[in-house]
Amino acid sequence: MPRLFILTLSLLPWIPVVPCWVTTQNEVSVLEGGSITVPCRYDPKYANHVKYWCRGSMREFCTSLARTDETSSTNPSKDKVSIFDDPAQEMFTVTMNNLKETESGWYLCGVELGNGWKADDVAYTKVKVIHGMSVENSMVSGEEGSSVTVQCLYSERFRESEKKWCRSGDWSSCLSTGSEGSYEDTSVAISDDRTGTFTVTLKKLQMRDAGWYLCSAGQQQVAVQVQVTPRASTTEPVTSPPPPSQSAVYLPPPKPITKESWSSHRYMLESVAVCSSLLLLVGLAVLARKLWILHKEDSELRHFKEMKERFSDNPSGMGDLQHVPIAFHNKATMDVRAY
């Protein structure tokens, strides 16, 4: 029992405490042959402590790769691994270049406390080194008539491979860099730096250039969307009469109404009103005459019918009608009228 208690006490310094005084990002991905820079932040009280970067999932079995107390000069752009401490920012950064797929795994940022009874403060991150392709921006946009640039990234094993730029779904449209590592025509330029990036420039964009494209290296491909916006109008349209050669007819602007023009218009309106009144009166006179004639004929017809009924009631009086003159005033109905 005492031995177990002593063993527990000896392990306490190596158990991480909460809160953590060192932090970093959880995971970093990079194409094979590329570089990464990992930021490691620490508490201000660690400003004067030694910082280090090592590979491994446990601090006790971690392989040191860089330390801030090493006297050798560091060159982040050329050295395989370099470390730089910036106490003012409370952060140290680690840069790794020309990474291989076999270098994938767990790494840690550490602050050395220099006390055997207390474990160093550390933070873990996972580095993934993959082979294949990627792009800096999967969508680029440009105005009609302008140019856009696409950065296609590839891993180390594709450095000597032929690079292509293709319209998605149309393999006949593929443009290749060839053995020289470049291609150019009036609308597209491709340049391969043979270190991990080939650049595609689309020139003098047109609306039909919008769509999906593919960056290709070897058997690897990555999709890119190109958007083209209409050209913006910079000047306002100026209204002017069309030239004589055109068929359009130019109409002058309407003249304002003046006192003189209103007088002439009023005279014309008065003349039209008088003529309309006269025509209306004539029409009413003709209508009244026709109504009067119809009324007169109806009264005569009623008088004749009364006489006819009278004689039909007294047949002895029919002899007197032999000498009565008869006139046919309405030939269409042959009504008989006696006078």
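Predicted model only: the values in this text are computed from it and were never measured. (Residues numbered from 1 in each chain as written. Predicted model: local features only at pLDDT ≥ 70, side-chain atom pairs only at ≥ 80, totals over all residues. Heavy atoms only, no water.)

A few points about the overall build of the protein
Right, so step 1: Helix and strand counts for the protein come out as two helices and 21 strands.
Right, so step 2: Of all 339 residues assigned to the protein, the portion counted as buried reaches 27%.
Right, so step 3: Once local pairs closer than 6 in sequence are excluded, the contacts in the protein between residues at least 24 apart make up 56%.
Right, so step 4: Per element, the accessible surface of the protein, about 23500 Å² overall, is 58% carbon and sulfur. (Helix = DSSP H or I, 4+ residues; strand = E, 2+ residues; numbered from the N terminus. Buried < 20%, exposed > 50% of the residue type's maximum accessible area, 1.4 Å probe, protein only. Contact = heavy atoms within 4.5 Å. Areas by Shrake-Rupley, 256 points an atom, 1.4 Å probe, with all protein chains shown as cover.)

Things to note about the pattern of salt bridges
Right, so step 1: Summed over the entire model, instances satisfying the criterion amount to 13 salt bridges.
Right, so step 2: In this structure, the salt-bridge partner of glutamate 160 is arginine 194, at a minimum N-O distance of 3.9 Å. One end of the pair, glutamate 160, is in the loop between strand 12 (148-154) and strand 13 (163-167); the other, arginine 194, is in the loop between strand 16 (188-192) and strand 17 (197-202), and 34 residues separate them in sequence.
Right, so step 3: Exposure remark for glutamate 160: the relative accessible area of 66% places this residue in the exposed category.
Right, so step 4: One network of salt bridges, in which partners are shared, links Glu32, Glu101 and Arg157. (Salt bridge = Lys/Arg side-chain N within 4 Å of Asp/Glu carboxyl O.)

As for the side chain of serine 216
Right, so step 1: Here serine 216 is to be found in strand 18 (residues 211-217).
Right, so step 2: In this structure the side chain of serine 216 is engaged in a polar contact, spanning 3.5 Å, whose partner is the backbone oxygen of glutamine 220.
Right, so step 3: Those residues in contact with serine 216 that lie beyond four places of it in its chain are Met133, Glu162, Lys163, Lys164, Phe198 and Gln221. (Polar contact = N/O pair within 3.5 Å; in protein donor to acceptor, adjacent residues only side chain to side chain.)

Some details on unusual backbone geometry
Right, so step 1: Backbone geometry places asparagine 98, a non-glycine residue, at a positive phi of 50°.
Right, so step 2: With respect to the helices, strands and loops of the structure, asparagine 98 is situated in the loop between strand 7 (91-96) and strand 8 (105-112).
Right, so step 3: In this structure, lysine 204 takes a positive phi of about 45° despite not being glycine.
Right, so step 4: Relative to the helices and strands, lysine 204 is located in the loop between strand 17 and strand 18.

Concerning the sheet that holds strand 11 (residues 139-143)
Right, so step 1: Reading across the sheet, the five strands line up as 11-19-18-13-14 and stay open at both edges, with mixed pairing between neighbours. Across the chains shown, the open sheet's two edge strands, defined by having one partner strand only, are strand 11 and strand 14 (170-176). Here the strands of the sheet are splayed against their neighbours by 30° on average, with no regard to which way each runs.
Right, so step 2: Note: strand 13 against strand 14, three bridges, orientation antiparallel. (Pairing = 2+ DSSP bridges. Axes fitted to C-alpha atoms, helices over the stretch in contact; angles between N-to-C directions.)

Quick notes on the pairing of strand 13
The two faces of a sheet get side chains in turn, since along a regular strand they alternate between them.
Right, so step 1: The pairing of strand 13 with strand 18 spans five bridges and is classified as antiparallel. What sits directly across from lysine 163, in strand 18, is alanine 217.
Right, so step 2: Connecting strand 13 to the next strand, strand 14, in antiparallel fashion are two residues, including glycine 169 with a positive phi near 85°.

What to know about the packing of aromatic side chains
Right, so step 1: One pass over the full model with this rule turns up four aromatic pairs.
Right, so step 2: Ring geometry for tryptophan 53 and tyrosine 107: centres 5.3 Å apart, planes at 10°, overall stacked. Of the two residues, tryptophan 53 sits in strand 4 (residues 50-55) while tyrosine 107 sits in strand 8, which places them 54 residues apart along the sequence. Neither tryptophan 53 nor tyrosine 107 differs from the other in exposure class; each is buried. (Phe/Tyr/Trp six-rings, centres within 6.5 Å; stacked < 30°, edge-to-face > 60°.)

Brief notes about the state of the cysteines
Right, so step 1: Evaluation of the coordinates by the stated rule reveals four disulfides.
Right, so step 2: Through a disulfide, cysteine 54 is tied to cysteine 62; the S-S separation comes to 1.7 Å. Judged by the torsion about the S-S bond (120°), the cysteine 54/cysteine 62 disulfide is right-handed. Here cysteine 54 matches cysteine 62 in class, with each residue buried.
Right, so step 3: Covalently, cysteine 166 is tied to cysteine 174 through a disulfide, its sulfur atoms 2.0 Å apart. Disulfide cysteine 166-cysteine 174: the torsion about the S-S bond is 115°, which places it as right-handed. (Disulfide = S-S within 2.5 Å.)

Side note on the environment of arginine 231
Right, so step 1: Here arginine 231 shows up in the loop between strand 19 (220-229) and helix 2 (259-313).
Right, so step 2: For the pair arginine 231 and glycine 145, spaced 86 residues apart in the sequence, the C-alpha separation amounts to 7.2 Å.
Right, so step 3: For arginine 231, the contacting residues outside a window of four places in its chain are Glu143, Glu144 and Gly145.

Some words on the confidence of the model for the protein
Right, so step 1: Across the protein, the average pLDDT comes to 79, with 72% of residues at or above 70.
Right, so step 2: Confidence over residues 246-251 falls short of pLDDT 50; this stretch has three contacts with residues more than four positions distant or in other chains. (pLDDT = per-residue confidence, 0-100.)

Quick word on the side chain of lysine 163
Right, so step 1: Relative to the elements of secondary structure, lysine 163 occurs in strand 13.
Right, so step 2: Residue class for lysine 163 comes out buried when judged on its relative accessible area of 0%.
Right, so step 3: Within the structure, lysine 163 has its side chain in polar contact with the backbone oxygen of arginine 159 (distance 3.2 Å).
Right, so step 4: For lysine 163, the side chain forms a polar contact with the side chain of aspartate 192, separated by 2.9 Å.
Right, so step 5: Apart from the residues lying within four places of it in its own chain, the contact partners of lysine 163 are Tyr154, Phe158, Leu175, Ser176, Thr177, Asp192, Phe198, Ser216 and Ala217.

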